[in-house]
Amino acid sequence: MTPPPVTPESASRRRRRVGEDRILSLPNVVTTARLVLVPVFVWLLIQPHHRDWFAAAILLAALGSTDWLDGQLARRLDQVTNLGRILDPTADRVLLATATISILAVGAVPVPVAIIAVAREGLVAIAAVGLALAGARRIDVTLIGKAGTFGLMVAFPLFLAGHSTVSWHHTALVLAWVAAVSGLVLGWASLIVYVPLARAALVEGRATSDGETRSTPP
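Residues numbered from 1 in each chain as written. Predicted model: local features only at pLDDT ≥ 70, side-chain atom pairs only at ≥ 80, totals over all residues. Heavy atoms only, no water.

## Details of the overall build of the protein chain
Each helix and strand counted, the protein chain has 8 helices and 0 strands in total. Counting from the amino terminus, helix and strand elements in the protein chain follow one another as α-α-α-α-α-α-α-α. Per-residue burial over the protein chain gives 37% buried out of 218 residues. A separation threshold of at least 6 residues defines the contact pool for the protein chain, and within that pool the share at least 24 residues apart is 81%. For the protein chain, the computed accessible surface area is about 12,700 Å², with 71% contributed by carbon and sulfur atoms. (Helix = DSSP H or I, 4+ residues; strand = E, 2+ residues; numbered from the N terminus. Buried < 20%, exposed > 50% of the residue type's maximum accessible area, 1.4 Å probe, protein only. Contact = heavy atoms within 4.5 Å. Areas by Shrake-Rupley, 256 points an atom, 1.4 Å probe, with all protein chains shown as cover.)

## Points about the pattern of salt bridges
Counting across every chain of the model gives 1 salt bridge. Arg120 is paired through a salt bridge with Glu121; the nearest N and O atoms lie 3.1 Å apart. The residues Arg120 and Glu121 share a single accessibility class, namely buried. (Salt bridge = Lys/Arg side-chain N within 4 Å of Asp/Glu carboxyl O.)

## Comments concerning empty space enclosed by the protein
Following the criterion strictly, the structure yields 1 cavity of 30 Å³ or more and no others. In this structure, the largest cavity occupies an estimated 60 Å³ of space. If you trace the largest cavity, you find it lined by Leu96, Ile116, Ala117, Arg120, Glu121, Gly148, Thr149, Leu152, Gly183, Leu184, Gly187 and Trp188. Elements that contribute at least two residues to the lining of the largest cavity include exactly α6 (111–133), α7 (143–162) and α8 (169–215). When grouped by side-chain class, the residues that make up the lining of the largest cavity number 6 nonpolar, 4 polar and 2 charged. (1 Å grid on protein atoms, 1.4 Å probe; cavity = no way out; pocket = protein on both sides within 12 Å on 5 of 7 lines; lining within 4 Å. Points joined across faces, edges and corners; volume = space filled by probe spheres on them. Nonpolar A, V, L, I, M, F, W, Y, C, P; charged D, E, K, R; others polar.)

## With respect to the nonpolar core
By size, the foremost hydrophobic cluster in this structure holds 32 residues, and its most contacted members are Phe41, Leu60, Ile103, Phe156 and Leu160. Counting only elements with at least two residues in this core, the list comes to α3 (38–45), α4 (51–76), α5 (82–105), α6, α7 and α8. Element by element, the count of residues in this core is highest for α7, at 8 residues. Beyond its immediate sequence surroundings of up to four residues, Ile103 is in contact with Phe41, Leu45, Leu60, Ala108, Val109, Phe156 and Leu160. (Core = buried A, V, L, I, M, F, W, Y, C linked by side-chain atoms within 4.5 Å.)

## Digging into the packing of aromatic side chains
Per the stated rule, a full pass over the model turns up 2 aromatic pairs. Taking 6.1 Å as the distance between ring centres and 85° as the angle between the ring planes, the aromatic pair formed by Phe54 and Trp168 counts as edge-to-face. With Phe54 in helix α4 and Trp168 in the loop between α7 and α8, the pair connects residues that are 114 residues apart, well separated along the chain. Overall, Trp168 belongs to the partly exposed group, its relative accessible area being 38%. Centroid distance Phe159 to Trp177: 5.8 Å. Interplanar angle 85°. Geometry classified as edge-to-face. Placement of the pair is Phe159 in helix α7 and Trp177 in helix α8, with a sequence separation of 18 residues. (Phe/Tyr/Trp six-rings, centres within 6.5 Å; stacked < 30°, edge-to-face > 60°.)

## So, the confidence of the model for the protein chain
Mean pLDDT over the protein chain stands at 78; residues scoring 70 or higher make up 81%. Mean pLDDT across the elements of the protein chain ranges from a minimum in helix α1 (residues 8–20), with 47, to a maximum in α3, with 89. In the model, residues 10–18 has pLDDT below 50 throughout and makes 3 contacts with residues more than four positions away in sequence or in other chains. (pLDDT = per-residue confidence, 0-100.)

## Quick word on the environment of Val166
Along the polypeptide, Val166 turns up in the loop between α7 and α8. Taking the C-alpha atoms as reference points, Val166 and Phe54, 112 residues apart in sequence, are found 7.6 Å from one another. In contact with Val166, not counting residues within four places along its chain, are Phe54 and Ala161.

What follows is the structure, given as structure tokens:
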């Protein structure tokens, strides 16, 4: 059987598929660094002096900002990869959950904020596992979901700064509450957006699986 002719469009699609399958890329390096530095944040947080909490706040803010950075790099450098699509939201979840639980443990974040944030992350994690087991295709992170995560990643460093020894700690607490409420509202609102996306991903994933099954020779 004669293979189909190679056109510029098909060659471009093939290069894109090959590019998406690679592991080593600058955005993935940035995302991995975010994961590796999470224990450093925890170490700073458990130091006995509150002055170290400001250093932890700075590191947490820097780690949170890399979520925007790796996404921009992936798009601008045309380095969007399959690994990055999985690694980026995973790093978000790990960083947010670790920050929430750690800051709650040292008493720097209000308990209601922490509980609502952790409940949302737990629900997302359970839904993701359930959809994967049901055969759904992967769902890309939505803009509103990213905005919710960003709000919390702004709030938590500010809560830490608000409980540190910096002179502007009262202002930091006020700003922390503004960012936290905004982040929680956007985060939970994003779940509504994910419902139709999850249904479509489930239908598409099962249809793809059925098509592959039918195309496989006995």
